[in-house]
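# Structural description and commentary
These are the residues of each chain, in order.
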Amino acid sequence: MSIPTLQGLQTALSGLLAEQQALDITGNNIANSNTEGYTRESVVMQPSPPIVIPALSTKTGEGAQLGTGVSVATYTRIRNSYLDAQYRTQNSALSASSTQAEELAQAQSAFNEPSSTGIASQMSAFWTAWSSLANSPTSEAAKQGVVSAAQQLTTSINELSGQLTTISGQVGEQVSALTGPSGEVQNYASQIAQLNGQIKLAEQAGQQPNSMLDQRDLLLDKLSSLAKVTVSQQPDGTDTVSFGDASKPLVEGTSVNWPQTITAAAGGQLGALLGLTSPTGALTALGSSLDSVANTLAASVNALHNSTPIFSGTTAATLKVAVTAAQVKASASEAAGGNAVALAIANLRGGAAEQGYAALVQQVGASVRTAHDEEATGKTTLTTIGNQRQSVSGVSLDEEMTNLISFQRGYQASARTLTAMDSMLETLIEHTGQVGL
Amino acid sequence: MDQRITPAMITGSTVNDINSALTALERSSSELSSGKKILEPSDDPYGASQVIDLQSQLDGLSSFAANAKDGVSWATTSESAMQNISELMQRVRTVTVQASNGTYNQSDLNSLATEVTQIAETIKQDANVQYAGQYVFAGTKTTTPPYQQGETDTYAGNGETVSRAIGPGAAVTVSTNISTLLGNGAESKDGKLLDVLRTISQHLTEGTAESKAALTSTDLKGLEANIETLSQLQSVNGSTTDQLKLATSRIEALQGAISTTLSNTEDANLAETSIAFSNEQAAYTAALRAGATIVQESLLNFLH
């Protein structure tokens, strides 16, 4: 058996086609070099099935296999799913700490400390007003000074309490917005479920739905910033997605289970938001510490000024001044010049209320700092993992340019082979049998 | 396997580096412009609570300093009134000794008696001295004059004390109980100054040998006992002034010390921060330059 005459043309053609496809893929990689979530692809080429040349056909009498060119086996998506899982875990953690840092920083700025206008300096001014009253127990101006200082102090405490409540309210609104029917969770989950269906169909048809896989991975990345995400890949190409500490999978095949109950343990932005306002959360703790400062202040001052309570209310939100200047007494006795009460109240400076407030400022500062530190660490870790992922899946233009040259040269050489074959056949067809003519 | 480096990684890390350099720069710049290193509690949570504590201590010290100053004025007012009373008592002593010599006729004695009565009135006026609208010798009844002008010599104040706080829980009594010197007049027979003055005046008006004898014996003795009482009151009041002045200088020293601690806690070290600022500026420029150079390079630049 001999080799088919036109085989060489077919071999050259297969080279042309394969190199062309490789050039197309390279072009696609370059075009998507800045596309978010794009995974670089490469062409896997393999030799075409050879022609078997039976034994005794060659001079040595052995058989042989003649290569018939090249074919493209598949377009590989170069991606590491282990890095994806790590990236998503870290992304949830980072998102949680940045959310905490952001909300607590808002609370911190509501405190406006250290400053000359914060609650600390107003409390200090309140004690100073009592000290001035002790020096002039009969002075109406000094009594009015006490009432004014008390009013400024209670207003500031009320305002701070109000701001903390507003921040808690905003946190609740964010949670509702994210988890609501048109929220991001629902939105991402339904897109993932839809892609699951399309990917399943494509894979059944034997296709490689690379761009849909990229889209689904990108959506999973985004979902992981909302809460912890665990993905298990099913044999039919679909992804089953667990979300936070929800009891059922968020996405299973093409169906979405949402809404479900999640708690602070969900991680990510949602976990952090739920954690801040939970009964043991940082925002709740700030509110109750402020209540305790207000209560201590009112109780300690009222106990000494026993003719009329100076303050009414036992929480930061309800603390009010309950006296007029005329009701302020510097002394428990009837004598105009007594100042024992004023001295005793002025002596509360540095006492439990003030220490409680200083501790509260330390508490808010420490919680913001911890969240910031965690955020910084999380960012570094996420960047490292992101770079590892980029290193595997990202498009390198230098590499693509090199490939471009290599595939282009391959194409040119295949074309040259075709030319050579053509001229060989020309010799055969045009010039055979014309010897001597 | 070597890590593949893609342009996206370089762009990403360049942006990160430029950002962190700029963040550090911004931080130093706010420290320099505000002069504070604690701009919010999270910069130094413990430091921030210290600042609150120290600031309140400083405010407290200012109050104590004001109290001490007020106390000194109070005591000085008392002191000058008692100094007047002391001089008047010396005059009465002279009058009493002169009258007993026997060279004066009854008309002279009568005018001396009038003088003594007037001195009693002046002394009561001195006892009614006010500081900042408050009667300093009335105990805590600071709105009531302790003595009325005229014949009634009853003390209208009370025995309570007025004090000024000069430290946490430390108060100094600034009032002087003048009724221990002046007493309640002739009717009470308490042997105090007003009683003695009224008696002297009466003895002068009577002019009898018996009365004259009483002038040099019981009256002079009573007067001298009261001079002794006054000098004791003056000495107590003087030591109060000293105590308050001492407290003032102690408070000033404390204010200095606490201000230093406060400054160490919250103020930026300008030298250190300026150097850090320059370094960060250099780092920022370097990050920008490196980014601009590296990101532009690619194989494309060399292919034709």
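All values derive from a computational prediction rather than experimental measurement.

Parameters and conventions
Residues numbered from 1 in each chain as written. Chains lettered and ligands numbered in written order. Predicted model: local features only at pLDDT ≥ 70, side-chain atom pairs only at ≥ 80, totals over all residues. Helix = DSSP H or I, 4+ residues; strand = E, 2+ residues; numbered from the N terminus. Rg over C-alpha atoms; globule rule 2.2 N^0.38 Å. Buried ≥ 20, exposed ≤ 12 C-beta atoms within 10 Å, placed from the backbone. Contact = placed C-beta atoms within 7 Å. Core = buried A, V, L, I, M, F, W, Y, C linked by C-beta atoms within 7 Å. Axes fitted to C-alpha atoms, helices over the stretch in contact; angles between N-to-C directions. Parallel < 35°, antiparallel > 145°, perpendicular 65-115°, else oblique. Left-handed = near helix turned anticlockwise from the far one by under 90°. Nonpolar A, V, L, I, M, F, W, Y, C, P; charged D, E, K, R; others polar. Pairing = 2+ DSSP bridges. Expected span 1.5 Å × (residues − 1). pLDDT = per-residue confidence, 0-100.

### Let's talk about the overall build of chain B
A count of helical and extended segments in chain B gives seven helices and four strands. In chain B, the succession of helices and strands from N to C terminus is α-α-α-β-β-β-β-α-α-α-α. The C-alpha radius of gyration of chain B comes to 39 Å, more than 25% above the 19 Å expected for a compact globule of 304 residues. Counting over 304 residues, chain B shows a buried share of 36%. Residue pairs in contact within chain B that sit at least 24 positions apart in sequence constitute 68% of those at least 6 positions apart.

### What to know about the overall build of chain A
The helix and strand tally for chain A stands at eleven helices and ten strands. The C-alpha atoms of chain A give 39 Å as radius of gyration, which overshoots the globular expectation for 437 residues (22 Å, by more than 25%). Overall, the C-alpha framework of chain A stretches about 150 × 40 × 35 Å when taken along its three principal axes. Of all 437 residues assigned to chain A, the portion counted as buried reaches 39%. Across chain A, every contact between residues at least 6 apart in sequence was considered, and the portion connecting residues at least 24 apart equals 69%.

### Some points on the nonpolar core
Formed by 140 residues in total, the largest nonpolar core has its most connected members in W130, I192, A342 and Y357 of chain A together with V116, L182 and L197 of chain B. A total of 17 residues in this core trace back to one element, the largest contributor, which is helix α2 (residues 45-100) of chain B. The contact partners of V116 of chain B, leaving out residues within four places of it in the chain, are V92, V95, L197, I200, S201 and L204 of chain B. Counting residues in each nonpolar core, the second largest holds five residues, with A18, A22, I25 and V70 of chain A among its members.

### Examining the packing of helix α10 (residues 352-393) of chain A against helix α1 (residues 7-34) of chain B
Where α10 of chain A contacts α1 of chain B, the axes come no closer than 10 Å and their chain directions differ by 160°. Here α10 of chain A lies roughly antiparallel to α1 of chain B, going by the angle between them. In the crossing of α10 of chain A with α1 of chain B, the sense of the turn from one axis to the other is left-handed. Contact residues: α10 of chain A offers T383, N387, Q390 and S391 of chain A, while α1 of chain B offers A8, M9 and N16 of chain B. Among the residues making up the contact of α10 of chain A with α1 of chain B, the classes are represented as two nonpolar, five polar and no charged.

### Some words on the interface of chain B and chain A
Listed by partner, the interface residues are 46 residues for chain B and 49 residues for chain A. With 15 residues, α2 of chain B is the single largest residue contributor to the side of chain B that touches chain A. Residues that form the side of chain B that touches chain A fall into these classes: 18 nonpolar, 19 polar and nine charged.

### A short note on the pairing of strand β4 (residues 170-173) of chain B
All names here are of chain B. Alignment of strand β3 (residues 163-167) against β4, held across four bridges, turns out to be antiparallel. Its bridge partner being in β4, A165 is matched across the sheet by A171. Following β3, the chain reverses through two residues before pairing antiparallel with β4; G169 in that reversal takes a positive phi of roughly 75°.

### Remarks on helix α2 (residues 81-111) of chain A
The terminal C-alpha atoms of α2 of chain A, which comprises 31 residues, lie 45 Å apart, in line with the 45 Å expected from a rise of 1.5 Å per residue. N112 of chain A occupies a position one or two residues after α2 of chain A and carries a positive phi of about 50°.

### A few points about the confidence of the model for chain B
Summarising the model, chain B shows a mean pLDDT of 90, and 99% of its residues fall at 70 or more. The ipTM for the predicted assembly is 0.85, set against a pTM of 0.84.

### Considerations on unusual backbone geometry
Residue and element names in this part refer to chain A. Here the bond from E113 into P114 is cis, since omega is -10°, no more than 30 degrees from zero. Note on placement: P114 falls in the loop between α2 and α3 (119-135). The peptide bond linking W258 to P259 adopts the cis configuration, its omega dihedral lying at 5°. Counting through the fold element by element, P259 comes out in the loop between β8 (255-256) and α7 (268-277).

### Overview of the packing of α2 of chain B against helix α3 (residues 106-127) of chain B
Residue and element names in this part refer to chain B. Put simply, α2 and α3 touch, their axes get as near as 10 Å, and they point 165° apart. The angle between α2 and α3 places the two elements in the roughly antiparallel class. Of the two possible hands of crossing, α2 and α3 adopt the one that is left-handed. Contacts from A81, N84, I85, L88, R91, V92, V95 and A99 of α2 reach α3 at L109, L112, E115, V116, I119, T122, I123, D126 and A127. Taken together, the residues of the contact of α2 with α3 break down into twelve nonpolar, two polar and three charged.

### Concerning the environment of A290 of chain B
Checked against the element boundaries, A290 of chain B lands in helix α7 (residues 270-296). A sequence separation of 276 residues divides A290 of chain B from T14 of chain B, and the C-alpha atoms of the two residues are 8.1 Å apart.

### Quick look at helix α5 (residues 184-204) of chain A
Compared with the 30 Å implied by 1.5 Å per residue over 21 residues, the 30 Å span of α5 of chain A between its first and last C-alpha is a close match. Its buried side turned inward, α5 of chain A meets α4 (140-179), α6 (210-224), β6 (239-243), β7 (251-252) and β8 of chain A.

### Things to note about the environment of L274 of chain A
Residue and element names in this part refer to chain A. Looking at the element boundaries, L274 is found in helix α7. With 21 C-beta atoms packed within 10 Å, L274 lands in the buried category. Note: C-alpha distance between L274 and Q233 (41 residues apart in sequence) is 29 Å.

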